[in-house]
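# Examining the three-dimensional arrangement
The residues making up each chain are set out below.
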Amino acid sequence: MKKLNNELQENNLFQKLQVFENNRINKDVDSIYQLLEDNFGCVSENLSVCGSVAKVMHGSLDENYRPKDVDLLVRNPFYYRFLQTNIQKLNVDFRIDDNRIILFFPNISVELWKHNQREKAVRTHGKFHNLINYCFI
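### Looking at the pattern of salt bridges
The tally for this structure, following the rule as stated, stands at seven salt bridges. Among the salt bridges present, the one from R95 reaches D97, with a minimum N-O distance of 3.3 Å. Look at R95 and you get partly exposed, because its relative accessible area is 38%. Overall, the relative accessible area of 26% leaves D97 in the partly exposed class. Bridged by salt links that share partners, the residues R95, D97, R100 and E111 form one connected network.

Laid out in structure tokens, this is it:
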């Protein structure tokens, strides 16, 4: 583990925890975290898994559930702006809308949602294995 900004940072958590059965999906999600960490240091408090994957992490959906996509909530507006202008570094097809960036990885799509605090409050949150933030909106 690395220590940055007085916070512990561990790389490749999705792969290490085998969040998804398909390790390629774990690697793809880790690449998003890594892009941000390479530029900002520890980003875990500003990036959270949300949607159905968060419900599986929380235990409200069966762990055998197969998500159609992975949703990530980007809480920091600077991180979201950075992703909008640097997402091509991941070498994957993508589309940018007003409030989300959609990445089309070979096995799954990942939607990066811009958090608008005035519109939506996070209702439930936690840490999967005390390492990966998740939330429900």
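### Concerning the state of the cysteines
Inspection of the entire model under this criterion finds zero disulfides. With no disulfide of its own, C50 lies closest to C135 among cysteine sulfurs, the gap being 5.1 Å. A relative accessible area of 7% places C50 in the buried class. Its relative accessible area of 0% is what places C135 among the buried residues.

What counts, and where the lines are drawn
Residues numbered from 1 in each chain as written. Predicted model: local features only at pLDDT ≥ 70, side-chain atom pairs only at ≥ 80, totals over all residues. Heavy atoms only, no water. Salt bridge = Lys/Arg side-chain N within 4 Å of Asp/Glu carboxyl O. Buried < 20%, exposed > 50% of the residue type's maximum accessible area, 1.4 Å probe, protein only. Disulfide = S-S within 2.5 Å.

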